[in-house]
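Chain residues, written in single-letter form:
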Amino acid sequence: MTNVDLLKERSSPACLEVTIGAGPGIGRAVTSLFASKRYNNVALIGRRADQLSIEKSAIEEAVGPQAKVKIYALDVVDSAALSKALENIEAELGKPGCIFYNAARVLPSELLTHAVEDMEYDFKINVSALYVCAQRVIPRLLQLAKSETEAMPALIVTSSMLPLNPIPQLFALSLVKAAQRNLMQSLSMAYASQGIHVGLINVGGPVSPTDKVWNPTNIAAKAWEWFAQSKEKPTFEVMI
Ligand SMILES: NC(=O)c1ccc[n+]([C@@H]2O[C@H](COP(=O)([O-])OP(=O)(O)OC[C@H]3O[C@@H](n4cnc5c(N)ncnc54)[C@H](OP(=O)(O)O)[C@@H]3O)[C@@H](O)[C@H]2O)c1
């Protein structure tokens, strides 16, 4: 698919990107690059309204005047609030074409002293909320795949090497990322053949603006390259 083809969705009613877990790192870089390449409308979800306002300005600046960005402040572990926000997003910005699921807490967790409730909270962010999101968006993405030949309906999740190589000092994040990957594998097995790009962006190390590989700009560029060729050569994941 050429860049011209990729831009075609701009004129379609489904030119909406939804970022769940909007923050200054990978979230901002991927969201702005994808929006500048393909999506006019952007919905940003995160817990802190003040940070979301900063993210909105950053994306408007990166994408230009054609961008329509709206923010929705909520904790994704609140399933009712998440479902309501997804409903409002559709009413206010149109049907989503790309859902970018990026929410997580990248925090140390010490084996045996880490509270079980904290582990369960991480599970809710990475797995339960992703499942609630999939329940709502997969039927929409299936409709889009059937109705628009140029569409690239997608559910994309940021992950890492932790599912395959757990780090004991990050055991909670490691185990929930493993469960998240497993859910994404099931979704891919069920829906990839029906035209939905279900996939993972695996970032192999700690993200820093000064790192040569694991900086948000490079991660976004590699993620876009992978996504842009997904219609012709779909693959479940990209390793960065
Ligand atoms: N940072 C790393 O070194 C690294 C390495 C490999 C992979 N990853 C993966 O990359 C993703 C995050 O990227 P990033 O670290 O660069 O962060 P980021 O994109 O800068 O921000 C992620 C945002 O997610 C939001 N979030 C977290 N918990 C949430 C919740 N319960 N409800 C709603 N929003 C929530 C946070 O905003 P609020 O606080 O406002 O809610 C946060 O700003 C994660 O999936 C992580 O596992 C990160």
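Residues numbered from 1 in each chain as written. Predicted model: local features only at pLDDT ≥ 70, side-chain atom pairs only at ≥ 80, totals over all residues. Heavy atoms only, no water.

The protein appears in an unreviewed UniProt entry as Ketoreductase (KR) domain-containing protein from Monosporascus ibericus.

Trainee: Would you mind showing me how to read the environment of Ala228 here?
Mentor: Residue placement: Ala228 occurs in helix 7 (residues 216-228). Separated by 191 residues in the primary sequence, Ala228 and Lys37 place their C-alpha atoms 9.6 Å from one another. (Helix = DSSP H or I, 4+ residues; strand = E, 2+ residues; numbered from the N terminus.)

Trainee: What is the right way to read the sheet that holds strand 6 (residues 197-203) from this model?
Mentor: Strands belonging to one sheet form pairs held by backbone hydrogen bonds; the direction of such a pair is parallel or antiparallel. Taken in spatial order, the seven strands make up an open sheet running 3-2-1-4-5-6-7, and their pairing is parallel. Strands with a single pairing partner mark the edges of an open sheet, and in this sheet they are strand 3 (68-73) and strand 7 (237-239). Averaged over all pairs of adjacent strands, the angle between strand axes in this sheet comes to 15°, irrespective of strand direction. Judged from the six bridges that link them, strand 2 (residues 41-46) and strand 3 form a sheet pairing that is parallel. Following the sheet pairing, Ile45 is matched in strand 3 by Tyr72. Strands in contact with helix 4 (residues 79-93) are strand 1 (16-20), strand 2, strand 3 and strand 4 (96-101); relative to strand 3, the strand with the most contacts, it is inclined by about 160°. Packing against the sheet, helix 6 (residues 171-191) makes contact with strand 4, strand 5 (154-160), strand 6 and strand 7, and its axis sits at approximately 150° to strand 5. (Pairing = 2+ DSSP bridges. Axes fitted to C-alpha atoms, helices over the stretch in contact; angles between N-to-C directions. Contact = heavy atoms within 4.5 Å.)

Trainee: I would appreciate a short explanation of the packing of aromatic side chains in the present structure.
Mentor: The way to describe two aromatic rings as a pair is by their centre distance and the angle between their planes. Under the defined criterion, the tally for this structure stands at three aromatic pairs. Between Trp224 and Phe227, the aromatic rings sit 5.6 Å apart at their centres with planes inclined by 50°, giving tilted as the arrangement. A residue pair is termed a helical-turn pair when its members lie 3 or 4 positions apart in one helix, as Trp224 and Phe227 do in helix 7 at three residues. Pairwise contacts between aromatic rings join Phe34, Trp224 and Phe227 into one cluster. (Phe/Tyr/Trp six-rings, centres within 6.5 Å; stacked < 30°, edge-to-face > 60°.)

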